[in-house]
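# Tertiary structure, described
Residues per chain, in single letters:
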Amino acid sequence: MSVVYYQKNPHGVTIISDGIMLQGEVISSAIKLQKLKGGVILGMVGDFRINQYIAQELNTDDVHEVSNWSLKDAYKRLSEIIKEFHQIQSLKEHDQGDSTALLIVAKQTVFTVFLSEDCERISVYDESNSDEVSIGYDEHLLGAIWCGEDPVIALAKIIPHHSKLDFPIRKIEIGETGTIMESTLTKEAFKYVDC
């Protein structure tokens with residue numbers, strides 16, 4: 001269960017993610033929602049190694065560059081990063097098994113990025129005009145939100161086992177003035193959930 005959810009609201013933007021990472025049979029906690037240099041927010045689901053490499057590379061780009069990317073610019077730069085990752089890592093066929101999806105928020109610019117399981121195809125979408133965007137296994141989350149549930153409570157209700165594992169829900173809010181508030185919610189996110 002991995003979800004990153006983005007929502008515009010009258011006061012700015014809210015982005016949330018779960019905090020679970022599955023590597024083979026091992027389940028652990030991971031930060032899938034990161035604030036990068038210059039206020040770029042990166043949400044990630046899927047292959048942790050590729051996601052961390054992309055985060056590292058995007059962290060070297062200036063926010064003005066990312067926020068001014070066209071769809072073509074985003075596709076070109078992200079394709080370069082993924083190609084570099086595979087050259088550096090020298091990944092073998094059997095190491096490539098998880099798809100990856102990203103949400104990139106830089107000021108008013110919002111992109112979703114999807115990398116195929118065979119790491120051969122990348123799709124990039126400009127979501128800047130969308131009021132709501134989600135990546136990952138999001139069907140239940142979206143259903144609850146569309147029925148009027150607060151996004152954090154909705155996520156807590158579909159992943160109640162997280163509270164027992166002490167895996168957090170990550171939340172980033174961006175105000176109208178660009179102020180960024182980050183929070184990691186553990187017990188308080190699950191207080192309304194019967195675990």
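Residues numbered from 1 in each chain as written. Predicted model: local features only at pLDDT ≥ 70, side-chain atom pairs only at ≥ 80, totals over all residues. Heavy atoms only, no water.

### Focus on the sheet that holds strand β9 (residues 122–126)
The pairing of strands in a sheet comes from backbone hydrogen bonds and takes either a parallel or an antiparallel form. Pairing in this open sheet of five strands is antiparallel, and the strands run β5-β6-β7-β8-β9 from one edge to the other. On the outer flanks of this sheet lie β5 (33–35) and β9, each paired with one strand and no other. On average, adjacent strands in this sheet sit at an angle of 15° to one another, irrespective of strand direction. Helix α1 (residues 48–58) rests against β5, β6 (41–46), β7 (100–106) and β8 (109–115) of the sheet, and its axis sits at about 165° to β6. Strands in contact with helix α3 (residues 71–89) are β7, β8 and β9; relative to β9, the strand with the most contacts, it is inclined by about 150°. (Pairing = 2+ DSSP bridges. Helix = DSSP H or I, 4+ residues; strand = E, 2+ residues; numbered from the N terminus. Axes fitted to C-alpha atoms, helices over the stretch in contact; angles between N-to-C directions. Contact = heavy atoms within 4.5 Å.)

### With respect to the nonpolar core
Within the largest apolar cluster, 24 residues are counted, with the highest numbers of intra-cluster contacts made by Leu 42, Ile 54, Leu 58, Leu 78 and Ile 104. Only β6, α1, α3, β7, β8 and β9 provide two or more residues apiece to this core. Residues within four places of Leu 78 in sequence aside, it is in contact with Ile 54, Leu 58, Ile 104, Val 113, Ile 122 and Val 124. If you look at the next biggest cluster of nonpolar residues, it comprises 15 residues, including Ala 101, Val 105, Val 110 and Ile 172. (Core = buried A, V, L, I, M, F, W, Y, C linked by side-chain atoms within 4.5 Å. Buried < 20%, exposed > 50% of the residue type's maximum accessible area, 1.4 Å probe, protein only.)

### Topic: the pairing of β7
Across the seven residues that make up β7, a large majority, seven, are buried. Judged by which residues are buried, β7 turns out to be covered on both faces: Thr 100, Leu 102, Ile 104 and Ala 106 on one side and Ala 101, Leu 103 and Val 105 on the other are all buried. Examined bridge by bridge, β6 and β7 share six bridges and lie antiparallel to one another. Note that in β7 the partner of Leu 42 across the bridge is Ile 104. Sheet topology places β7 next to β8; seven bridges connect them, and they run antiparallel. Counterpart to Leu 103 in the pairing with β8 is Thr 112.

### Some points on the environment of Glu 127
In this structure, Glu 127 sits in the loop between β9 and β10 (132–136). Each residue touching Glu 127, except ones within four places of it in the same chain, is listed here: Val 110, Phe 111, Thr 112 and Val 133.

### As for α3
Taking 1.5 Å of rise per residue, 19 residues should cover 27 Å, and α3 covers 27 Å from first to last C-alpha, within 8% of that figure. Taken as a whole, α3 has its buried residues at Ala 74, Arg 77, Leu 78, Ile 81, Ile 82, Phe 85 and His 86. Here the buried face of α3 lies against α1, β7, β8 and β9. (Expected span 1.5 Å × (residues − 1).)

### A closer look at the pattern of salt bridges
Oppositely charged side chains can pair when the atoms bearing their charge come close. All chains considered together, the criterion is met by eight salt bridges. Arg 77 is paired through a salt bridge with Glu 57; the nearest N and O atoms lie 3.8 Å apart. With Arg 77 in helix α3 and Glu 57 in helix α1, this pair connects stretches of sequence that are 20 residues apart. Taking the relative accessible area as the measure of exposure, Glu 57 reaches 15% and is therefore buried. Across the pair Arg 77 and Glu 80 runs a salt bridge, and its minimum N-O distance is 3.7 Å. Of this pair, Arg 77 and Glu 80 both sit in helix α3, three residues apart, roughly one helical turn. Residue Arg 77 is classed as buried on the basis of its relative accessible area of 15%. In this structure, a network of salt bridges that share partners links the residues Lys 35, Arg 170 and Glu 182. (Salt bridge = Lys/Arg side-chain N within 4 Å of Asp/Glu carboxyl O.)

### Let's talk about unusual backbone geometry
If you check the backbone angles, Lys 107 has positive phi at about 55° while not being a glycine. By the secondary structure assignment, Lys 107 is in the loop between β7 and β8.

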